[in-house]
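# Remarks on the overall topology
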Amino acid sequence: MHNLGFALEGAGQVLAVCLVLGAGLPALFALGVRALAYGTGGEPRVHTTGVSAPTPNRIGTTVAYACFTVVVLAVALGITFIVASGFGKALSFEHIYPTLVNKN
Amino acid sequence: MTQDFVILTLVIITALGFDFTNGFHDTANAMATSIATKALRPKTAVALSGILNLIGAFLSVEVALTVTNAVVKIQDKTGAPRAELLADGGTALLLIILAGLVGGIVWNLFTWLLGLPSSSSHALFGGLVGATIAGLGWAGVNWNGDGSKLDGVVGKVLLPAVLSPVIAGLVAAVGTWLIYQVTVGVAKRFTDQGFRWGQIGSASLVSLAHGTNDAQKTMGVITLALIASGHWSQTGAVPLWVKASCAVVIALGTYLGGWRIIRTLGKGLVDIAPPQGMAAQSAAAAVILASSHLGFALSTTHVATGSILGSGVGRRGAAVRWRLAGRMVGAWLITLPAAGFVGAAVWAAGNLIGGLGGAIAIFALLLVAAGGMYLWSRRTPVGHHNVNDEWDGAVSPAADPVPATTAG
């Protein structure tokens, strides 16, 4: 059963990559959501707009947008991958940063 | 108009029919969670998914013409049909393809009727395997590959079907757990709003990937039929009209929305909250993209179902309806043999009558079966109006005060 060996080996790789991208990125996004909530004053109670708005917190907002930027970049990379594979290209990570190479 | 040309036309129409069922069967994979959490209105969700499928299908410039090689031996390595099948103007090969497609469509419609998310690619492969066994015998099937890579029915269909939902479920469970840990104590108005956006983004990624992966299966099958009947000769390219029609048809199918399946995936398995929806969709997108990057075949349906289950497991206190999950797994197990059985029976019927008459008879059978199942579905319609009703264990919500207007 050579197939089983190939499959398990592949499954291990996919699992490792996906734990980083598929669970790590959402966690980062969650961190962004949390920071954004903190940035708007972190006030848990419901307030209506215009009535004593909480003082915004710059650090929270900055961290939030930093998190979102990383997530958006990762998604952009994902889309690049889809488009590239359609044109016979592949993403290569051999220089650490992604580059487009011809598919072999 | 020659006899061969009529058969070819029937094959192309049937292939596009399969493409259409492929579209609405899989809308749920990308959009069920966004519809269930009301991140998107049902109509908006299917429209967005349809457009992204259309774009995705056009992006698949380099189409694998060897799509059938994974499971059957009717093509050689370059994608050209086997010479021995081309005697008689390619009718023998066209009959196998036609019967295989009918097997795939019938099984897709039947599982849709039951509201079960089964894999469209398994249905297609099952139909082709069945028709090939009937037409060429057991040796015509590529069971195990040649040992150099993951290949054959075992390597490209069975093993990924077992492994991919487990991986997706694990990733989604970890993602869900992390998200809830990170956002503990944050007011709901922040989390719901934020994660709805994250959900729309990740669901869109799944739709786009679906378009690039699935539409090209039909493109490959139609081009194979064209080559077999002598209407196309390049094995490195697909005619533009084939690409355009497959892209448009899968997008239309997606836009129609398989509401019965959307309901099962979105409301039936787990009561999904926006953070879970985002975790599930991100896990699905990551698994689909990583697997295709590494060259593994898998079914979007298995991945999406696994990740939705995982998002239920990862959230403390969330209820997972395991009985329904068990029914789904049951449907997955029999998809390949069931579609294969239909494919084989249809091939036998077509072969018995023979030639043009056989092909027309097969096509008529398909129309009767599809029409019958459509009429049956109208007895318990599910549409955008009731897709989000409380889950009561049935495919269709029990009490339906709103008059049904849309196909289920």
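Residues numbered from 1 in each chain as written. Chains lettered and ligands numbered in written order. Predicted model: local features only at pLDDT ≥ 70, side-chain atom pairs only at ≥ 80, totals over all residues. Heavy atoms only, no water.

## Here's the deal with the pattern of salt bridges
All names here are of chain B. Formally: Here, a salt bridge means any side-chain nitrogen of Lys or Arg that lies within 4 Å of a carboxyl oxygen of Asp or Glu. Numbered from the N terminus, helices here are DSSP runs of H or I no shorter than four residues, and strands are runs of E no shorter than two. Per-residue accessibility, obtained with a 1.4 Å probe over protein chains only, is compared with the maximum for each type, and a residue is labelled buried under 20%, exposed over 50%, and partly exposed between these values.
The final tally for this structure, using the stated rule, is 3 salt bridges over all chains. For the salt bridge of K217 with D214, the shortest nitrogen-to-oxygen distance reads 3.5 Å. With a gap of 3 residues between them, K217 and D214 both fall in helix α6 (residues 188–228), about one helical turn apart. When its relative accessible area of 4% is taken as the criterion, D214 is described as buried.

## Examining the interface of chain A and chain B
The condition that has to hold: We call two residues in contact when some of their heavy atoms are within 4.5 Å. Buried area is a sum: the accessible area each of two parts loses on coming together, probed at 1.4 Å, counted once for each and added. What qualifies as a polar contact is a pair of N or O atoms within 3.5 Å, subject to a donor-acceptor requirement within protein and to the restriction that residues adjacent in sequence count only when both atoms come from side chains.
On the chain B side, the residues contacting the 45 residues of chain A number 49 residues. For the pair chain A and chain B, the summed buried surface comes to about 3,700 Å²; carbon and sulfur atoms form 78% of the total. Three residues, A:N3, A:R34 and A:I82, lead the burial of chain A against chain B; their summed loss comes to 16% of the area buried on that side. Inspection of the region where chain A meets chain B yields 2 residue pairs in polar contact (both at pLDDT 80 or more). Those elements that place two or more of their residues in the side of chain A that touches chain B are α1 (2–39), α2 (58–86) and β1 (89–95) of chain A. When residues of the side of chain A that touches chain B are assigned to their parent elements, the largest contribution, 25 residues, is made by α1(A).

## A word on unusual backbone geometry
Positioned with a positive phi, B:K38 is a non-glycine residue whose angle comes to about 60 degrees. We classify B:K38 as exposed; its relative accessible area is 57%.

## A word on a nonpolar patch on the surface
Residues and elements named next belong to chain A. Rule in force here: Distance thresholds for patches are 9 Å for like charges and 5 Å for nonpolar side chains (Val, Leu, Ile, Met, Phe, Trp, Tyr), applied to residues having over 30% relative accessible area and no salt bridge. The Shrake-Rupley method, run with a 1.4 Å probe sphere, supplies the accessible areas, and residue values consider only the shown protein chains as cover.
Side chains of V17, V20 and L21 sit close together on the surface and give an oily, nonpolar patch of about 250 Å² of accessible area. In this fold, V17 is placed in helix α1. Residue V17 is classed as partly exposed on the basis of its relative accessible area of 36%.

## A closer look at the packing of aromatic side chains
Where we set the bar: Stacked, tilted and edge-to-face are the three classes applied to pairs of Phe, Tyr and Trp rings, where Trp contributes its six-membered ring and a pair requires centres within 6.5 Å; stacked means planes under 30 degrees apart, edge-to-face means over 60, and tilted covers the rest.
Counting across every chain of the model gives 7 aromatic pairs over all chains. For the pair A:Y65 and A:F68, a centre-to-centre distance of 6.0 Å together with 75 degrees between the ring planes defines the contact as edge-to-face. Within this pair, A:Y65 and its partner A:F68 are both found in helix α2, separated by 3 residues, close to a single helical turn. Measuring from centroid to centroid gives 5.7 Å for B:F24 and B:W112, while their planes differ by 70 degrees, and the two rings are edge-to-face.

## Comments concerning the packing of helix α3 (residues 91–113) of chain B against helix α12 (residues 355–379) of chain B
Residues and elements named next belong to chain B. Threshold: Axis definition: a line fitted to C-alpha atoms, limited for helices to the stretch in contact. Angles are taken between N-to-C directions and run from 0 to 180 degrees. Convention used here: angles under 35 degrees read as roughly parallel, angles over 145 as roughly antiparallel, angles from 65 to 115 as roughly perpendicular, and any remaining angle as oblique. Just so you know the grouping, Ala, Val, Leu, Ile, Met, Phe, Trp, Tyr, Cys and Pro go in nonpolar, Asp, Glu, Lys and Arg go in charged, and all remaining residues, Gly too, go in polar.
One can describe the packing of α3 onto α12 by two numbers: an axis separation of 10 Å at closest approach and a directional angle of 5 degrees. Between α3 and α12, the angle falls in the class roughly parallel. Across from L95, L98, V102, I105, V106, L109, F110, W112 and L113 in α3, the residues of α12 making contact are A359, I362, L366, A369, A370, M373, W376 and S377. Of the residues belonging to the contact of α3 with α12, the class tally is 16 nonpolar, 1 polar and no charged.

## Here we look at the nonpolar core
What counts, and what does not: Grouping buried Ala, Val, Leu, Ile, Met, Phe, Trp, Tyr and Cys residues that are joined through side-chain atoms within 4.5 Å yields what is termed a nonpolar core.
With 117 residues, the main nonpolar core has B:V11, B:V71, B:I97, B:L101, B:I222, B:I262 and B:L269 as its most contacted residues. Ignoring any residue separated from it by four or fewer positions in sequence, one finds B:I97 in contact with B:V11, B:I74, B:L128, B:V221, B:L224 and B:A225. Within the second largest apolar cluster, 12 residues are counted, among which are A:V33, A:A35, A:A64 and B:F195.

## Thoughts on the environment of B:G89
Among the secondary structure elements, B:G89 is positioned in the loop between α2 (42–59) and α3. Through-space distance from the C-alpha of B:G89 to that of B:S229 is 5.9 Å; in sequence the pair is 140 residues apart.

## Here's the deal with helix α8 (residues 259–268) of chain B
Burial of α8(B) is extensive: 10 of the 10 residues sit out of reach of the surface. When we look at burial in α8(B), the residues that qualify are B:W259, B:R260, B:I261, B:I262, B:R263, B:T264, B:L265, B:G266, B:K267 and B:G268.

Fair warning: the whole summary comes from geometry, so function is off the table for now.
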